[in-house]
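These are the residues of each chain, in order.
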Amino acid sequence: MDIDQATADRIFEAALTATFRRTNLGLRAQVSDGGYTYWVEAGGAFRASIDGREGCGGTEYVFANATPEQDRALREAIAAQDTK
């Protein structure tokens, strides 16, 4: 299920201050919004994306790609984390 653009925008904005961790799937962060915890994946050759969420109803597959500007901002934020 695709999520609406306003929600995706909030998630990608919040991901700028989230801690990204390396997993076997690449870089991943968790972001909370509206009672859900969203998984944001970044890095690699593809744009960042939201790839699922978990809430009181369990785990759901949801998806949204970051815009090129959101992806660029996330990559810069992740790079800044790596230098700390």
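So, here's what we can say about the structure.

The rules we used
Residues numbered from 1 in each chain as written. Predicted model: local features only at pLDDT ≥ 70, side-chain atom pairs only at ≥ 80, totals over all residues. Heavy atoms only, no water. Helix = DSSP H or I, 4+ residues; strand = E, 2+ residues; numbered from the N terminus. Rg over C-alpha atoms; globule rule 2.2 N^0.38 Å. Contact = heavy atoms within 4.5 Å. Areas by Shrake-Rupley, 256 points an atom, 1.4 Å probe, with all protein chains shown as cover. Lys, Arg positive; Asp, Glu negative; His and termini not counted. Charge placed at Lys NZ, Arg CZ, Asp CG, Glu CD. Pairing = 2+ DSSP bridges. Expected span 1.5 Å × (residues − 1). Buried < 20%, exposed > 50% of the residue type's maximum accessible area, 1.4 Å probe, protein only. Arc of directions from axis to C-beta.

**Here we look at the overall build of the protein chain**
When helices and strands are counted, the protein chain shows 2 helices and 5 strands. When the helices and strands of the protein chain are listed from N to C terminus, the series reads α-β-β-β-β-β-α. Against the globule reference of 12 Å for 84 residues, the protein chain gives a C-alpha radius of gyration of 12 Å, in line with a compact fold. C-alpha atoms of the protein chain, sized along the principal axes, occupy 40 × 25 × 20 Å. Looking at the protein chain alone, contacts between residues at least 24 apart form 38% of all its contacts between residues at least 6 apart. Of the accessible surface of the protein chain, which amounts to about 5200 Å², a share of 50% is contributed by carbon and sulfur atoms. When the 9 basic and 13 acidic side-chain charges of the protein chain are each reduced to a single mean position, those positions are 6 Å apart.

**Section: the pairing of strand β5 (residues 58–65)**
When strand β4 (residues 49–55) meets β5, the two strands line up antiparallel, connected through 6 bridges. Directly across from G55, in β5, lies its bridge partner G58. Counted along the chain from β4 to the antiparallel partner β5, the turn is 2 residues long.

**Details of helix α2 (residues 68–82)**
Taking 1.5 Å of rise per residue, 15 residues should cover 21 Å, and α2 covers 21 Å from first to last C-alpha, within 8% of that figure. Of all the residues in α2, the buried ones are Q70, D71, L74, A77 and I78. Projected down its long axis, α2 carries its buried residues within an arc of 125°, all on one side. Turned more than 90 degrees from where α2 packs its buried face, E69 and E76 sit exposed. Check the buried side of α2 and you find it contacts α1 (5–15), β2 (26–33) and β3 (36–42).

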